[in-house]
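# Observations on the three-dimensional arrangement
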Amino acid sequence: MSATRMQLLSPRNVLLLSQGRNELFAGCSGARVCSLTSHPLSSSPGRALSSLSATRRGLPKEKMSENGVSSRAKVLTIDTMNPTVKKVEYAVRGPIVQRAVELERELSEGIKKPFAEVIKANIGDAHAMGQQPITFFRQVLALCSYPELLNDSTFPEDAKSRARRILQSCGGNSMGSYSASQGIDSVRQDVARYIERRDGGVPCDPDNIYLTTGASDGIVTMLKLLVCGEGATRTGVMISIPQYPLYSAALAELGAVQINYYLNEEKCWSMDISELQRALDEARRHCNPRALCIINPGNPTGQVQSRQCIEDVIRFAAKERLFLMADEVYQDNVYADGCQFHSFKKVLFEMGPEYSNTVELVSFHSTSKCYMGECGFRGGYMEIINMDNEVKAQLTKLVSVRLCPPVPGQALMDLVVNPPQPGEPSYENFIKERTATLSALAEKAKLTEQVLNTVQGISCNPVQGAMYSFPRITISAKAVKEATDKGQQPDMFYCMKMLEETGICLVPGSGFGQKDGTYHFRMTILPPTDKLKILLNKVKEFHQKFTQQYT
């Protein structure tokens, strides 16, 4: 057999030539080859292939460039890519943030601007905004990353003990090894004990804990399980408006139906069961609503749901047969007097077997928020309640595809749920650092509300929890018209103009969703107090100037 023909029949060539009854199949060991030698052109296989058009061979068409040289079109173009990806939007890192990065580069190149620095108040990236890491966490992670440090006397013994325990749970005693797909067993056991302590003794089975790559990974994984059907049977998922754009982006990518329910701004962004019912009833006309998502404490709105509200939501989910998804990543970030975090699981079990044995619930937590702010380690977990056993097996299979969450993130999650205890060498410093971080956030939450509410045309609800304020802004008809003429949402126009004139990067409310005719922006309360005061004063001055300009 000639070398050319041998190359054509190589397992590496995957070819399908369909011309009358003559076909060639190849591509795997033992593949069947049909009618090759009987083809009139079989003595010249290369000629047989070239006689077919590029389109019939599955190749992109060639096109002529301006200088007459042929160039092949791209296989992947904006017209041939996955159409659901094009529907994905993520305002937190959208166009305004991209422009902020450009401005930073221009400043570094010496280009003059009306400001000396860009202040990014668009995202809850605590350490990037100056929040200091917890010493104990970093000590243990350093020991795990470089075990030789276990011989260093400058590290406290409790940090060394935690590091040894974590390393003993890792393959080869190294954080560089894969873990079980569901997560390291000892870490899941610690998470379960943490949840039991948090919830006043409500039992937690480690087998219901899945460690995740941040909370976002768990949320998207659960949505993948839930989404199915076509047309009127396509899965619908209820999300709050305003919402965290992860939800709308994930639903768009999965081709699910987004069902908006509106939080009540006049009542400090509270949830209203009648609004849930309205949204559900309308959605059932065109899709199959299957899940209800709640963020508590709220992002971007900063509200903390009352226990009564959570009970009402659980009853609603039970009555309407909805799968509950509770995003609780800000559970330590509660600042306002009279507010308290209540986990959905705790409330569910305290409502009795009628609900605790039937309502399907998944809750999420993360190392990225609260007092930790360790966003880059991508640590998190989810706990599943009342999931069908066959579905749970499918979930375990699904997470195994991505092998395992980052092991350093798992180690950090272990430290969050199992921090220094009274009597241990690191306890006092840990409590001091934790308290200082949360107290500073509480002060900045109050400061933000107070300053913004002194500005005519800005109204800010109390920042009860989380890390953000979501004030309502008044934008005149003249400004709305100019924004529309530029093809921009009015609050995007407002925020972009603020960025160009002050260097302050905020996210327009339209990126999170809002009632028609209302405008907002989201800003984080994370900057150090002195920088936050500068930021708030600049926002105040800009809004006054903007209002005067467009009156």
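It should be noted that the structure appears before, not after, this text.
Structural notes, computed from the coordinates. (Residues numbered from 1 in each chain as written. Predicted model: local features only at pLDDT ≥ 70, side-chain atom pairs only at ≥ 80, totals over all residues. Heavy atoms only, no water.)

### Focus: the overall build of the protein chain
The test is simple: Working definition: helices are DSSP H or I runs of at least four residues, strands are E runs of at least two. Numbering for both runs from the N terminus. Should any heavy atoms of two residues lie within 4.5 Å, those residues are counted as being in contact. Areas reported as accessible are Shrake-Rupley estimates using a 1.4 Å probe. Residue values count occlusion only from the protein chains shown.
A tally of helices and strands in the protein chain yields 19 helices and 18 strands. In the protein chain, once contacts between residues fewer than 6 apart in sequence are set aside, the share between residues at least 24 apart is 68%. Just so you have it, the protein chain exposes about 26100 Å², and 50% of that area is on carbon and sulfur atoms.

### Section: the pairing of strand β11 (residues 361–366)
What counts, and what does not: Relative accessibility decides the category of a residue: with a 1.4 Å probe and only protein chains considered, values under 20% of the type maximum give buried, values over 50% give exposed, and everything between is partly exposed. By definition, two strands form a pair when at least two bridges between them are found by DSSP.
In terms of burial, β11 is a largely internal element, six of the six residues being buried. Side chains of β11 alternate between two faces, with Leu361, Ser363 and His365 and Val362, Phe364 and Ser366 buried alike. As defined by bridge partners, strand β10 (residues 323–327) adjoins β11 across four bridges and the pair is classed as parallel. From the neighbouring strand, Asp327 faces β11, where its bridge partner is Phe364. In this sheet, strand β12 (residues 380–385) lies alongside β11 in antiparallel orientation, the contact comprising six bridges. Within β12, the position partnered with Ser363 by the bridge is Glu383.

### What to know about unusual backbone geometry
Backbone torsion omega between Asn296 and Pro297 reads -10°, so that peptide bond is classified as cis. A cis amide bond links Asn299 to the next residue, Pro300, at an omega of 20°. With respect to the helices, strands and loops of the structure, Pro300 is situated in the loop between β9 (288–295) and α11 (307–320). The backbone phi angle of Trp269 is positive, close to 60°, even though this residue is not glycine. Its location among the elements puts Trp269 in the loop between β8 (257–262) and α10 (273–283). For Trp269, a relative accessible area of 4% corresponds to the buried category. A positive phi is found at Arg321, a non-glycine position, where the angle reads about 55°.

### A few points about the pairing of strand β6 (residues 209–212)
Residues Ile209 and Leu211 of β6 are buried on one face, and the alternating residues Tyr210 and Thr212, pointing to the opposite face, are buried as well. Inspection of the sheet shows β6 paired to β12 by four bridges, in the antiparallel sense. The residue bridging Thr212 from the neighbouring strand is Gly380, located in β12.

### Let's talk about the pattern of salt bridges
Filter applied, for reference: A side-chain nitrogen of Lys or Arg and a carboxyl oxygen of Asp or Glu constitute a salt bridge if their distance falls within 4 Å.
Scanning the model with the defined rule gives 32 salt bridges in all. Across the salt bridge formed by Asp199 and Arg198, the nearest N and O atoms sit 2.8 Å from each other. For Arg472, the salt bridge is made with Glu266, and the minimal N-O distance between the two is 3.7 Å. With a gap of 206 residues between them, Arg472 in strand β15 (residues 472–473) and Glu266 in the loop between β8 and α10 connect regions that are remote in the sequence. Relative accessible area serves as the criterion here: at 32%, Arg472 is assigned to the partly exposed category. Looking at Glu266, the relative accessible area reads 61%, which means it is exposed. Through salt bridges with shared partners, a single network forms among Arg307, Glu311, Asp312, Arg315, Lys346 and Glu350.

### So, helix α16 (residues 427–452)
Applied cut-off: Here, expected helix span is obtained from the residue count minus one, scaled by 1.5 Å.
End to end, α16 covers 38 Å across 26 residues, agreeing with the expected 38 Å (1.5 Å per residue, within 8%). All of the buried residues in α16 are Phe430, Glu433, Thr437, Leu438, Leu441, Lys444, Ala445, Leu447, Thr448, Val451 and Leu452. Where α16 is buried, its residues contact α5 (135–145), β13 (458–459), β14 (468–469), β18 (519–524) and α19 (529–549).

### A few points about the sheet that holds β11
Test applied: Only C-alpha atoms enter the line fits that serve as axes; for helices the fit covers just the stretch in contact. Angles between N-to-C directions range over 0 to 180 degrees.
Here we have seven strands laid out as an open sheet, ordered β6-β12-β11-β10-β9-β7-β8, and mixed in their pairing. Sheet topology places β6 and β8 at the edges, where each strand pairs with a single neighbour. Averaged over neighbouring strand pairs, the angle between their axes works out to 25° when direction is ignored. Both strand β7 (residues 235–241) and β8 contribute to a ladder of six bridges, which runs parallel. Following the sheet pairing, Ile241 is matched in β8 by Tyr262.

These figures come from the coordinates and say nothing about function on their own.
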